[in-house]
Amino acid sequence: MTPTQCEFEADVLAAAMEGRWPEGADAELRRHASACALCSEAALVARAIGNAREEMRISTIVPDGGRVWWLAQIRARREAIAAAGRPITLVQMIAFACATGLLGACFGATSGWFQSALRRIASSSLAPLLAEHSAWAIGMAAAFLAASAAACFSIAKPKP
């Protein structure tokens, strides 16, 4: 029956993980590891893990801490600007809609030729047709405005 534990296994692992195996380890520990199957396997595995760790450490490029901090500050500022700009954009859209409506109302109230054209349309045979489909036309206009607003909001959202 093969043993599952050895009293020197921890010492062999410590020497291998610290990079002292086999040159920097005690002669007695090396002699024991050459005779003990558990310790020799533990040293072999720990040495392979240590070599892989060293290769990864050499090939890993860690950016400068100042650069990481600087990039994080730039990102935080951009996110804060985007968050602050969303309500401003909404207010601007509402103000533009109000200004357009007010401009249209002023134009309609002061323009003589526009009012006479509206009277001709109202007195023509199109008047019953317009009255019949006015709810549909208003609904389509509202849907168009809602779609436009949704497009503006989806474009204005910042990309992560």
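Rules used in this analysis
Residues numbered from 1 in each chain as written. Predicted model: local features only at pLDDT ≥ 70, side-chain atom pairs only at ≥ 80, totals over all residues. Heavy atoms only, no water. Helix = DSSP H or I, 4+ residues; strand = E, 2+ residues; numbered from the N terminus. Rg over C-alpha atoms; globule rule 2.2 N^0.38 Å. Buried < 20%, exposed > 50% of the residue type's maximum accessible area, 1.4 Å probe, protein only. Contact = heavy atoms within 4.5 Å. Areas by Shrake-Rupley, 256 points an atom, 1.4 Å probe, with all protein chains shown as cover. Lys, Arg positive; Asp, Glu negative; His and termini not counted. Charge placed at Lys NZ, Arg CZ, Asp CG, Glu CD. Axes fitted to C-alpha atoms, helices over the stretch in contact; angles between N-to-C directions. Parallel < 35°, antiparallel > 145°, perpendicular 65-115°, else oblique. Nonpolar A, V, L, I, M, F, W, Y, C, P; charged D, E, K, R; others polar. Core = buried A, V, L, I, M, F, W, Y, C linked by side-chain atoms within 4.5 Å. Phe/Tyr/Trp six-rings, centres within 6.5 Å; stacked < 30°, edge-to-face > 60°. Patch = residues over 30% accessible without salt bridge, like charges linked within 9 Å, V, L, I, M, F, W, Y side chains within 5 Å. Salt bridge = Lys/Arg side-chain N within 4 Å of Asp/Glu carboxyl O.

Thoughts on the overall build of the chain
- When helices and strands are tallied, the chain shows 7 helices and 0 strands.
- Along the chain, helices (α) and strands (β) appear in the sequence α-α-α-α-α-α-α when read from the amino end.
- Relative to the 2.2 N^0.38 estimate, which gives 15 Å for 160 residues, the radius of gyration of the chain is 40 Å and therefore markedly larger than a compact globule would have.
- Taking the principal axes of the C-alpha coordinates as reference, the chain spans close to 115 × 45 × 20 Å.
- Looking at the 160 residues of the chain, the share that counts as buried comes to 10%.
- In the chain, once contacts between residues fewer than 6 apart in sequence are set aside, the share between residues at least 24 apart is 54%.
- Just so you have it, the chain exposes about 12800 Å², and 68% of that area is on carbon and sulfur atoms.
- Where the 15 positive side-chain charges of the chain centre and where its 13 negative ones centre are 25 Å apart.

Description of the packing of helix H4 (residues 65-110) against helix H5 (residues 112-123)
- Across the interface, H4 lies against H5 with an axial gap of 5 Å and an inter-helix angle of 80 degrees. When the axis of H4 is compared with that of H5, the two are roughly perpendicular. Counted together, Phe107, Gly108, Ala109 and Thr110 of H4 and Gly112, Trp113, Phe114 and Gln115 of H5 form the full contact between these two elements.
- Tallied by class, the residues present in the contact of H4 with H5 amount to 4 nonpolar, 4 polar and no charged.

A word on the nonpolar core
- Membership of the largest hydrophobic core is limited to 12 residues, which are Cys6, Val12, Ala15, Ala16, Trp21, Ala25, Leu29, Ala33, Cys36, Cys39, Ala43 and Ala46.
- At the level of secondary structure, the elements contributing two or more residues to this core comprise helix H1 (9-17), helix H2 (27-35) and helix H3 (37-59).
- Setting aside residues up to four positions removed in sequence, Leu29 forms contacts with Phe8, Asp11, Val12 and Trp21.

A word on the packing of aromatic side chains
- Here the structure, examined in full by the defined rule, presents 1 aromatic pair.
- Judged by centre distance (5.9 Å) and plane angle (70 degrees), the ring pair of Phe107 and Trp113 falls under edge-to-face.

Brief notes about the environment of Thr89
- Structurally, Thr89 is set in helix H4.
- Overall, Thr89 belongs to the partly exposed group, its relative accessible area being 31%.
- Along the primary structure Thr89 and Thr4 are separated by 85 residues, whereas in three dimensions their C-alpha atoms are 70 Å apart.

What to know about a negative patch on the surface
- Negative charge collects at one region of the surface, where Glu7, Asp11, Asp26 and Glu28 lie side by side.
- Relative to the helices and strands, Glu28 resides in helix H2.
- We classify Glu28 as exposed; its relative accessible area is 55%.

Geometric descriptors of this kind do not, in isolation, establish any biological role.
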